[in-house]
Amino acid sequence: MALGLPAVIRACLFDLDGVITDTASVHAAAWKEAFDAFLQQREGNGFRPFALGTDYREFVDGRPRAEGVRCFLSSRGIELPEGSPDDPPGLDTVHGLGRWKSGLFDARIRSQGAEVYRDTTAYLTAARDGGLLTAVVTSSADCREILRAAGVETLFDAWIDGVVAAGRNLRGKPHPDTFLAAARDLGQHPAQCAVFEDAQAGMDAGRSGHFGWVVGVDRTGHADALYAHGADVVVKDLRDLAGTPDQRPRP
């Protein structure tokens, strides 16, 4: 399998949700359930629901959990007390609302499971066979459990997930800190690393971190937004990455 990467690339850094696993839709559904309950409690039955397309993509997708809560509520002109990471699940603090959503997500994963995208596993295998290093970079605190359950945990040389990021005080996407940490853990300069992301926040992180190549993975038909946020190339399937004609210069 041809990889379709610049010759300088020595490592591939993969987002989890929407790139490796088909869990982005599960996250989105859990966010919608949590935010709609919050908005209904606050505004009554005439509330404007959380939109799975625009609201999820612009304010939540790819961001750390608490930051997603803050960004979405700010878009609606709402402020909540911050609370603390130890808050119980609930609707009255940023962390409480985030933990409630996390509980909804965990329940859905337990009942539905998590599917791995076959194009990504094929690409990962080819990259490793070609001598490239690989890392997973995600804000998810459940990353290892999800990939272990899917049987692909051994395909990665480094892990930067929500637990590691919190322990190292790394800012989440759209900041590049977690991707930069993965590059350091692999012993590579950012210019030698390719970022694989499906979220606008991930594109921003790839561009601001000056990575060698930023690949947008378009599972939901928003290629233009991925290009606008810094993708070097956008594909629907990683098996089509090599030789794809749909490449544009960054705006």
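So, here is what we can say about the structure in this document. (Residues numbered from 1 in each chain as written. Predicted model: local features only at pLDDT ≥ 70, side-chain atom pairs only at ≥ 80, totals over all residues. Heavy atoms only, no water.)

1. Focus: the nonpolar core
Link 1 in the chain: By size, the foremost hydrophobic cluster in this structure holds 55 residues, and its most contacted members are Leu5, Phe14 and Phe196.
Link 2 in the chain: The element that contributes the greatest number of residues to this core is helix 1 (residues 24-43), accounting for nine residues.
Link 3 in the chain: Formed by 17 residues, the second largest nonpolar core is a distinct cluster that contains Ala11, Leu13, Ala181 and Val195. (Core = buried A, V, L, I, M, F, W, Y, C linked by side-chain atoms within 4.5 Å. Buried < 20%, exposed > 50% of the residue type's maximum accessible area, 1.4 Å probe, protein only. Helix = DSSP H or I, 4+ residues; strand = E, 2+ residues; numbered from the N terminus.)

2. Remarks on the sheet that holds strand 5 (residues 213-217)
Link 1 in the chain: Reading across the sheet, the six strands line up as 3-2-1-4-5-6 and stay open at both edges, with parallel pairing between neighbours. At either margin of the open sheet sits one strand with a lone partner, and together these are strand 3 (158-160) and strand 6 (233-235). The sheet shows a mean angle of 20° between the axes of neighbouring strands, taken without regard to direction.
Link 2 in the chain: When strand 1 (residues 11-14) meets strand 2 (residues 133-137), the two strands line up parallel, connected through four bridges. Among the inter-strand pairings, leucine 13 is bridged to a residue of strand 2, identified as alanine 135.
Link 3 in the chain: Across the sheet, helix 9 (residues 200-208) touches strand 4 (193-197) and strand 5, and the angle it forms with strand 5 is around 175°. (Pairing = 2+ DSSP bridges. Axes fitted to C-alpha atoms, helices over the stretch in contact; angles between N-to-C directions. Contact = heavy atoms within 4.5 Å.)

3. Focus: the packing of aromatic side chains
Link 1 in the chain: Summed over the entire model, instances satisfying the criterion amount to nine aromatic pairs.
Link 2 in the chain: Ring geometry for phenylalanine 35 against phenylalanine 72: centres 4.4 Å apart, planes inclined by 45°, an arrangement best described as tilted. Separated by 37 residues along the polypeptide, phenylalanine 35 in helix 1 and phenylalanine 72 in helix 3 (residues 65-75) bring together distant segments of the chain. The residues phenylalanine 35 and phenylalanine 72 share a single accessibility class, namely buried.
Link 3 in the chain: These aromatic residues form a ring-pair network of at least three members: Trp31, Phe35, Phe50 and Phe72.
Link 4 in the chain: In this structure, arginine 144 packs its charged tip against the face of tryptophan 159, placed 4.4 Å from the ring centre.
Link 5 in the chain: Note that arginine 219 overlies the ring of tyrosine 117, its terminal NZ or CZ placed 3.6 Å from the centroid. (Phe/Tyr/Trp six-rings, centres within 6.5 Å; stacked < 30°, edge-to-face > 60°. Lys NZ or Arg CZ within 6 Å of the ring centre and 35° of its normal.)

4. Examining the pattern of salt bridges
Link 1 in the chain: Counted under the stated rule, the structure contains 15 salt bridges.
Link 2 in the chain: Note that glutamate 67 is salt-bridged to arginine 70, the shortest N-O span being 2.9 Å. One end of the pair is glutamate 67 and the other is arginine 70, both in helix 3 and three residues apart, which spans about a single turn.
Link 3 in the chain: For arginine 70, a relative accessible area of 32% gives the class partly exposed.
Link 4 in the chain: Note that arginine 219 is salt-bridged to aspartate 119, the shortest N-O span being 3.2 Å. Of this pair, arginine 219 sits in the loop between strand 5 and helix 10 (223-228) while aspartate 119 sits in helix 5 (residues 118-129), and the two are 100 residues apart along the sequence.
Link 5 in the chain: Residue classification places arginine 219 among the partly exposed positions, given a relative accessible area of 24%.
Link 6 in the chain: Judged by relative accessible area, which is 3%, aspartate 119 ranks as buried.
Link 7 in the chain: Several salt bridges share partner residues, and in doing so they unite Asp15, Lys173 and Glu197 into one network. (Salt bridge = Lys/Arg side-chain N within 4 Å of Asp/Glu carboxyl O.)

5. A look at helix 6 (residues 143-150)
Link 1 in the chain: Of the positions making up helix 6, those classed as buried are Cys143, Ile146 and Leu147. The arc enclosing the buried residues of helix 6, seen along the axis, measures out at 90°, which places them on a common side.
Link 2 in the chain: Contact partners of the buried residues in helix 6: helix 4 (94-112), strand 2 and strand 3.
Link 3 in the chain: Glycine 151, located one to two residues past helix 6, shows a positive phi value of around 80°. (Arc of directions from axis to C-beta.)

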